[in-house]
Amino acid sequence: MFDDRPAFGVRVQVLGGVTVAEVAGELDIFAAGRISARLESLARTGCPDLVLDLRHVTFLDCAGVSLLCRLRNRVLEREGRLRLVIVDPRFLRLLRMVRLEDAFEVLEDLTPAVASAGNAAAGGSGDALA
């Protein structure tokens, strides 16, 4: 049976002052084009503190890396902070191969990124983008 659901999604929640965007599925040219406006809108706040949780990303290509770079630039323009949560060694290797390993603050776990937020959770609930 043919499954026409998108192979990606984004869920956004705010934990204290930290915006966490959990990206799931394939982050390829198709997905990057569909979710870039949503992610870039998160970077338009006054001084964004943004965490991209990429633990559930199954595939990352050059369009996905380009999206990460654009998002990083938007956040830095507003004197904000962008952190990536990455556990897949393939994605870490990809960042090294394109010499971007030092361009991003990479974490292995979401906990340190939201530790300062405490247990308070507010804001967006599981938005899935298609």
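Just so it is clear, the model here is predicted, and its values are computed rather than measured.

## So, the packing of aromatic side chains
Pairs of aromatic rings are described using the distance from one ring centre to the other and the angle between the two planes.
Turning to step 1, where the next piece is worked out: Evaluation of the coordinates by the stated rule reveals one aromatic pair.
Turning to step 2, where the next piece is worked out: On the basis of an interplanar angle of 75° and a centroid distance of 5.7 Å, the ring pair of Phe-8 and Phe-30 is categorised as edge-to-face. Here Phe-8, found in strand E1 (residues 8-15), pairs with Phe-30, found in helix H1 (residues 29-42); they are 22 residues apart in sequence, far enough to count as distant.
Turning to step 3, where the next piece is worked out: According to the relative accessible area criterion, Phe-8 is buried, its value standing at 9%.

## Focus: the pairing of strand E3 (residues 49-60)
For a regular strand, side-chain orientation follows a simple rule: the groups alternate between the two sheet faces.
Turning to step 1, where the next piece is worked out: As defined by bridge partners, strand E2 (residues 18-27) adjoins E3 across eight bridges and the pair is classed as parallel. In the strand pairing of E3, Gly-25 is matched with Val-57.
Turning to step 2, where the next piece is worked out: Chirality of the crossover, the property in question, places the unit of E2, H1 and E3 among those that are right-handed.
Turning to step 3, where the next piece is worked out: The sheet contact formed by E3 and strand E4 (residues 81-85) spans five bridges and is parallel. What sits directly across from Asp-53, in E4, is Val-85.
Turning to step 4, where the next piece is worked out: The parallel pair E3 and E4, bridged by helix H2 (residues 62-77), forms a crossover whose chirality is right-handed.

About the criteria used
Residues numbered from 1 in each chain as written. Predicted model: local features only at pLDDT ≥ 70, side-chain atom pairs only at ≥ 80, totals over all residues. Heavy atoms only, no water. Phe/Tyr/Trp six-rings, centres within 6.5 Å; stacked < 30°, edge-to-face > 60°. Helix = DSSP H or I, 4+ residues; strand = E, 2+ residues; numbered from the N terminus. Buried < 20%, exposed > 50% of the residue type's maximum accessible area, 1.4 Å probe, protein only. Pairing = 2+ DSSP bridges. Right-handed = clockwise from strand over helix to strand, strands pointing away.

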